[in-house]
Amino acid sequence: MSAAEAAAGFAAVYGTACEGVWEAPGRVNLIGEYTDVNDGFVLPMALPHRTRVAAAARTDGLLRLHSAAAPGTVSELAVADLAPGAVPGWAAYPAGVVWALREAGHDVSGGADLHVESEVPVGAGLSSSAALEVATALALDGLYGLGPARPELARLAQRAENAFVGVPCGIMDQMASACCTEGHVLHLDTRDLSWRQIPFDPAAWGLRLLVVDTGVKHEVGDGEYARRREGCEAAARALGVRALRDIAYEELDAALARLPGPGARALVRHVVGENHRVEQVAALLDAGDPRLVGPLLTAGHASLRDDFAVSCAELDLVVAAACGAGALGARMTGAGFGGSAVVLAEEADAEAVEKAVPAAFEAAGLRAPRIFAVPG
Ligand code: ADP
Ligand code: MG
C-alpha cells in the first residue's frame, strides 16, 4: 500500500482528485506500560506499518469519511454539528480529531473529504487508533495550514480519543505516532511531553526485535483499563502525590507500607517499578548494552501479569515460549488482554524463537500468531 494507492482510492470513492496524502505509523512500545496514565516515562518506536489519509478540503462545511477497512459506506457529517457521542463506529476517530481542532480554535469550518487506508493491524495493541488520529490531524493541518507543532497535534488527537470516542487512553500512542523517527525509540516524559530520540538498531547489534500479534482481543479489556487507571489515581491520592510517577523507586517500600490493601499495593508496585525499568532500559541503550535490556522486558511482563493483572494466557504463552527458545527477553506490549507481545533475541536465536512461538500456540489449540521483525 502506497500513497499513490491511497490517492487512487480517494479518486474511486469521491470521483475527484485529492489534494494530498498524509501518513502516520502504528507503534510498538519497547517498555513502559500504563506509565503514561501515571505521568511517567515510556519508550515506544514507530512500526513500518502506516495509516494514510488522502484528503481534499471542501467549502460547504461537510466532513465526508471513508475507510478501505469499511468499504462502500461514506459517513457524511457537518463540522459545525460535531459533538461527543454524536458519531458512532470508526468514523468517531477522524471526526473527533476535526472536533478537537475546531474546539482548540483552528478554522476547519470548510470541511473535508477523507479516504483512509492502513497497514496497521487493528485492535492488536499496535495503535491503529492513534495512527488514524494523527494521520487525520496531519491531513487537516496540511489542507488548512493550521500550524501546530506535532506534540500539540498529538494532544488534540488524544483529546479526540478521550472526549469524543470515549476511550480514556494516555498520551503515549499519539506522541509515538506523531514524533517517533526511524532508527530510534522515543524516550518520552508523558507529564511535560519532553522527549529525546535514542538510537535503536537491533540488526546493527546482531539482535532482532520481534512483534508477535496473538490475534486475540478479550472484551473485558475496555472496562479493566479504566478500572486500573482509576485505581492508580486513587492510590496517588492516598499517597498525597499528583501522580504515581512522583513516587521515586527508592521510596517504593515506604509508599507500599502506607497503602491500605493488597490491590492498591500491587498497582503501585507495577507503576513505580515499570517507570524505573524504562529509565534502566534507556540508560542501557545509551551505554550500548542492548542485551541487558532482555531481562528487564521479562521482569516488566511478570509485573504486568502478577501485579497489574492485565496479561492473558496467550500473551503469557508467547513470553514463555520465546524465553524457552532462548530469547533475551519478552513482554506483552500495549494495554494487554490480548493484542501483541515484543521479543528481543540474538539474531542467531531468532529463527528458533519464530518457530517455538507458533508451535506452542498450535500445541495449545490456538490460531497461529502473526510475527514480524521491527524495524523490518
Ligand atoms: P489499536 O489502537 O490497538 O489498534 P483500538 O481499539 O484502540 O486498537 O483502535 C481500533 C479502532 O480504531 C478500530 O476498531 C476502528 O474503530 C479504528 N480504526 C483504526 N484503524 C482504522 C482504519 N484503517 N479504518 C477504520 N477504522 C480504523
Ligand atoms: Mg488504540
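Bear in mind the structure is a predicted one, so any value in this text is a computation, not a measurement. Sequence order as written defines residue numbering, which begins from 1 separately in each chain. All chains are assigned letters beginning at A, and all ligands numbers beginning at 1, according to the order in which they are written. The model is predicted, so local features are restricted to residues of pLDDT at least 70 and side-chain atom pairs to those at 80 or more, both for listing and for counting; the totals for chains, interfaces and linings are taken over all residues.

### Remarks on the overall build of the protein chain
Part 1 of the reasoning: What the protein chain contains, in helices and strands, is 11 helices and 12 strands.
Part 2 of the reasoning: The reference for a compact globule is 2.2 Å times residues^0.38; the radius of gyration itself is calculated from the C-alpha atoms. Whereas a compact globule of 376 residues would reach a radius of gyration of roughly 21 Å, the protein chain reaches 21 Å, a difference of no more than 12%.
Part 3 of the reasoning: C-alpha atoms of the protein chain, sized along the principal axes, occupy 60 × 50 × 40 Å.
Part 4 of the reasoning: Backbone-placed C-beta atoms define the burial measure: a residue is buried with 20 or more other C-beta atoms within 10 Å of its own, exposed with 12 or fewer, and partly exposed in between. Out of the 376 residues belonging to the protein chain, those deemed buried represent 52%.
Part 5 of the reasoning: For the purpose of contact definition, each residue receives a C-beta atom placed from its backbone, and two residues are in contact when these atoms lie within 7 Å. If you take every contact in the protein chain between residues at least 6 apart in sequence, the share linking residues at least 24 apart comes to 69%. Helix and strand definitions follow DSSP, with helices as H or I runs of at least four residues and strands as E runs of at least two, each counted in order from the N terminus.

### Here's the deal with the UniProt feature "domain: GHMP kinase C-terminal" (unreviewed entry) in the protein chain
Part 1 of the reasoning: UniProt tags residues 283–362 as "domain: GHMP kinase C-terminal" (unreviewed entry).
Part 2 of the reasoning: Helix makes up 57% of residues 283–362 and strand 18%. Its end C-alpha atoms lie 38 Å apart. UniProt positions are given in the numbering used here, feature names are shortened, and annotations may be inferred rather than shown by experiment.

### Comments concerning the domain arrangement of the protein chain
Interface size is commonly expressed as the accessible surface area that is lost when the partners come together.
Part 1 of the reasoning: The split into domains, and so the bounds of each, comes from an automatic or database assignment of domains. According to the domain assignment, the protein chain consists of domain 1 (3–196) and domain 2 (201–373).
Part 2 of the reasoning: Each of domain 1 and domain 2 was reduced to a C-alpha centroid, and the two centroids are 26 Å apart.
Part 3 of the reasoning: Throughout, the ten residues Ala, Val, Leu, Ile, Met, Phe, Trp, Tyr, Cys and Pro are labelled nonpolar, Asp, Glu, Lys and Arg are labelled charged, and all others, Gly among them, are labelled polar. Among the residues making up the side of domain 1 that touches domain 2, the classes are represented as 12 nonpolar, 9 polar and 3 charged.

### Some remarks on the nonpolar core
Part 1 of the reasoning: Within the largest apolar cluster, 125 residues are counted, with the highest numbers of intra-cluster contacts made by Ala95, Val134, Ala322 and Val343.
Part 2 of the reasoning: Ranked by the residues each element gives to this core, the list is headed by helix H3 (residues 128–144), at 10 residues.
Part 3 of the reasoning: Counting contributing residues per domain, this core is built from domain 1 (3–196) and domain 2 (201–373), each supplying no fewer than three.
Part 4 of the reasoning: Setting aside anything within four residues of it in sequence, one finds Ala95 in contact with Leu63, Leu65, Leu77, Leu82, Val87 and Phe164. Residues of type Ala, Val, Leu, Ile, Met, Phe, Trp, Tyr and Cys that are buried and joined through C-beta atoms within 7 Å form what is called a nonpolar core.

### A look at the sheet that holds strand E9 (residues 207–217)
Part 1 of the reasoning: For two strands to count as paired, DSSP must find a minimum of two bridges between them. Here we have 4 strands laid out as an open sheet, ordered E10-E11-E9-E12, and antiparallel in their pairing. The open sheet has two edge strands, strand E10 (329–333) and strand E12 (370–374), and neither has a second partner. Here the average twist between neighbouring strands, direction ignored, is 25 degrees.
Part 2 of the reasoning: In terms of strand pairing, E10 meets strand E11 (residues 338–346) through 5 bridges, oriented antiparallel. Note on geometry: axes are C-alpha line fits, over the in-contact stretch for helices, and angles between N-to-C directions span 0 to 180 degrees.

### Observations concerning the site of ligand 1
Part 1 of the reasoning: Only the C-beta atom matters for this test: placed from the backbone, it must lie within 6 Å of a molecule or strand for the residue to be near it. Ligand 1 sits among 18 residues. The nearest are Ser67, Trp90, Ser118, Ser128 and Ser129.
Part 2 of the reasoning: Where the shell around ligand 1 is concerned, the elements lending two or more residues are strand E6 (111–118) and H3.
Part 3 of the reasoning: Here the shell around ligand 1 is composed, by residue class, of 9 nonpolar, 9 polar and no charged.

### With respect to the UniProt feature "domain: GHMP kinase N-terminal" (unreviewed entry) in the protein chain
Part 1 of the reasoning: Cross-referencing UniProt, the feature "domain: GHMP kinase N-terminal" (unreviewed entry) maps to residues 93–179 in the present numbering.
Part 2 of the reasoning: Helix makes up 60% of residues 93–179 and strand 9%, and the two end C-alpha atoms of the span are 19 Å apart.

### Quick look at the packing of helix H6 (residues 221–239) against helix H8 (residues 262–286)
Part 1 of the reasoning: At their nearest, the axes of H6 and H8 sit 9 Å apart, and the two run at 95 degrees to each other. Our classification of the angle between H6 and H8 gives roughly perpendicular. Of the residues in H8, those in contact with Arg228, Gly231, Cys232, Ala235 and Ala238 of H6 are Gly263, Ala264, Leu267, Val268 and Val271.
Part 2 of the reasoning: Classifying every residue of the contact of H6 with H8 by side-chain character gives 7 nonpolar, 2 polar and 1 charged. Any angle between 65 and 115 degrees counts as roughly perpendicular, while under 35 counts as roughly parallel, over 145 as roughly antiparallel, and the rest as oblique.

### What about the packing of H3 against helix H4 (residues 150–165)?
Part 1 of the reasoning: Between H3 and H4, whose axes approach to 9 Å, the crossing angle comes to 125 degrees. Judged by the inter-axis angle, H3 sits oblique to H4. As H3 runs across H4, the sense of the crossing is right-handed. Side by side, H3 and H4 meet where Ser129, Ala130, Glu133, Val134, Ala137, Leu138 and Asp141 of the first sit next to Leu153, Ala154, Leu156, Ala157, Ala160 and Glu161 of the second.
Part 2 of the reasoning: When the residues that make up the contact of H3 with H4 are grouped by side-chain class, the tally is 9 nonpolar, 1 polar and 3 charged. The crossing is said to be left-handed when, going from far helix to near helix, the turn is anticlockwise and less than a right angle, and right-handed when the turn is clockwise.

### Details of helix H11 (residues 347–363)
Part 1 of the reasoning: A helix is expected to reach a length of 1.5 Å times the quantity of its residues less one. Taking 1.5 Å per residue as the helical rise, H11 with its 17 residues ought to reach 24 Å, and the 25 Å between its terminal C-alpha atoms agrees with that figure.
Part 2 of the reasoning: Taken together, the buried positions of H11 are occupied by Ala350, Val353, Glu354, Ala356, Val357 and Phe361.
Part 3 of the reasoning: Once H11 finishes, Gly365 follows within two positions and takes phi at roughly 75 degrees, a positive value.

### Some thoughts on unusual backbone geometry
Part 1 of the reasoning: The omega torsion across Val374 and Pro375 is 0 degrees, close enough to zero to call that bond cis.
Part 2 of the reasoning: For Pro375, the location among the structural elements is in the segment after E12.
Part 3 of the reasoning: With a phi close to 55 degrees, Ala309 is a non-glycine residue in the positive phi region.
Part 4 of the reasoning: Among the structural elements, Ala309 can be located in the loop between helix H9 (293–306) and helix H10 (313–324).
Part 5 of the reasoning: The exposure class assigned to Ala309 is partly exposed, which follows from the 16 C-beta atoms found within 10 Å.

### Considerations on the sheet that holds strand E2 (residues 41–42)
Part 1 of the reasoning: Spatially, E2-E7-E8 is the arrangement adopted by the 3 strands of the open sheet, whose pairing is antiparallel. The sheet is open, and its two borders are formed by E2 and strand E8 (195–199), each paired with just one other strand.
Part 2 of the reasoning: Here E2 pairs with strand E7 (residues 184–189) via 2 bridges, running antiparallel. The residue bridging Phe41 from the neighbouring strand is Asp189, located in E7.
Part 3 of the reasoning: Set on the sheet, helix H5 (residues 172–179) makes contact with E2, E7 and E8; between it and E7 the angle comes to about 135 degrees.

### Some details on the pairing of E9
One face of the sheet, then the other: side chains in a regular strand alternate in exactly this way.
Part 1 of the reasoning: In the sheet, E9 pairs with E11 via 8 bridges, with the strands oriented antiparallel. The residue of E11 that forms the bridge with Leu207 is Glu346.

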